[in-house]
Amino acid sequence: QWQFVESGGGLVQPGGSLRLSCAAADFSLENYAIGWFRQAPGKEREGVSCIGSRGIHSNYADSVKGRFTMSRDNAKNTAYLQMNSLRPEDTAVYYCANADCRSGIVALGSWGQGTQVTVSS
């Protein structure tokens, strides 16, 4: 029953930035850790970032450390992913989901439609 609406994707040149938003559609996310995931054509779904329920703990995939920053605003029922210094290999559909952040970036529950991020010159 967990439903999210992802937004903020688009076409950007290498080195550019985007901010993705993840809004909980039908429940309060304040009690849940949230993760961002991505899937490129022909590749497995990859965990990108994860943040704890209170926004205290976060972790990132090695490929995005130092470039991406995750945050959340529980009052707005929304989590965010600030993506800087984007590279062509960041091109993928990005999804958010309830997640387990304790030992990695592990998705829980069902997936939404995601938002397309394309990094190309």
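Residues numbered from 1 in each chain as written. Predicted model: local features only at pLDDT ≥ 70, side-chain atom pairs only at ≥ 80, totals over all residues. Heavy atoms only, no water.

Looking at the pattern of salt bridges
Then comes step 1: A full pass over the atoms with the stated rule returns 5 salt bridges.
Then comes step 2: We note a salt bridge from Asp90 to Arg38, for which the minimum N-O separation is 2.9 Å. In this pair, Asp90 is assigned in the loop between strand E8 (78-83) and strand E9 (92-100) and Arg38 in strand E4 (residues 34-39), connecting sequence segments 52 residues apart.
Then comes step 3: With a closest N to O distance of 3.1 Å, Lys65 and Asp62 form a salt bridge.
Then comes step 4: On the accessibility criterion, Asp62 (66% relative accessible area) is exposed.
Then comes step 5: Within this structure, Arg38, Glu46, Arg67 and Asp90 form a network of salt bridges that share partners. (Salt bridge = Lys/Arg side-chain N within 4 Å of Asp/Glu carboxyl O. Helix = DSSP H or I, 4+ residues; strand = E, 2+ residues; numbered from the N terminus. Buried < 20%, exposed > 50% of the residue type's maximum accessible area, 1.4 Å probe, protein only.)

Digging into the state of the cysteines
Then comes step 1: Tallied over the entire structure, the rule returns 2 disulfides.
Then comes step 2: The disulfide bridge from Cys22 ends at Cys96, spanning 2.0 Å between sulfur atoms. On the S-S bond that ties Cys22 to Cys96, the torsion sits near 85 degrees, and the link is right-handed. Taken as a pair, Cys22 in strand E3 (residues 18-24) and Cys96 in strand E9 lie far apart in primary sequence, 74 residues in all. Of the two residues, Cys22 and Cys96, both sit in the buried class.
Then comes step 3: Note on cysteine connectivity: Cys50 is disulfide-linked to Cys101, with sulfurs 1.8 Å apart. Sign of the S-S torsion, about -80 degrees for the bond between Cys50 and Cys101, identifies this disulfide as left-handed. In this pair, Cys50 is assigned in strand E5 (residues 46-51) and Cys101 in the loop between E9 and strand E10 (106-107), connecting sequence segments 51 residues apart. Here the two residues Cys50 and Cys101 agree in accessibility, since each one is buried. (Disulfide = S-S within 2.5 Å.)

What to know about the sheet that holds strand E1 (residues 4-7)
Then comes step 1: Judged by pairing direction, the sheet is antiparallel, and its 4 strands sit side by side in the order E1-E3-E8-E7 without closing on themselves. Since the sheet does not close on itself, it has two edges, and those belong to E1 and strand E7 (68-73), each with one partner. Shown here is a sheet whose adjacent strand axes are inclined to one another by a mean of 15 degrees, direction ignored.
Then comes step 2: In terms of strand pairing, E1 meets E3 through 4 bridges, oriented antiparallel. Looking across to E3, one finds that Val5 is bridged to Ala23. (Pairing = 2+ DSSP bridges. Axes fitted to C-alpha atoms, helices over the stretch in contact; angles between N-to-C directions.)

A word on the side chain of Thr78
Then comes step 1: Positionally, Thr78 belongs in strand E8.
Then comes step 2: Within the structure, Thr78 has its side chain in polar contact with the backbone oxygen of Lys76 (distance 2.8 Å).
Then comes step 3: Among residues more than four places away in sequence, those in contact with Thr78 are Ser21, Cys22, Ala23, Leu29, Arg72 and Asp73. (Polar contact = N/O pair within 3.5 Å; in protein donor to acceptor, adjacent residues only side chain to side chain. Contact = heavy atoms within 4.5 Å.)

Thoughts on unusual backbone geometry
Then comes step 1: Phi is positive for Asn77, close to 60 degrees, though the residue is something other than glycine.
Then comes step 2: Position of Asn77 among the secondary structure elements: in the loop between E7 and E8.
Then comes step 3: For Asn77, a relative accessible area of 17% gives the class buried.
Then comes step 4: In the Ramachandran plot, Ser85 falls in the positive-phi region, its phi being about 50 degrees despite a non-glycine side chain.
Then comes step 5: By the secondary structure assignment, Ser85 is in the loop between E8 and E9.

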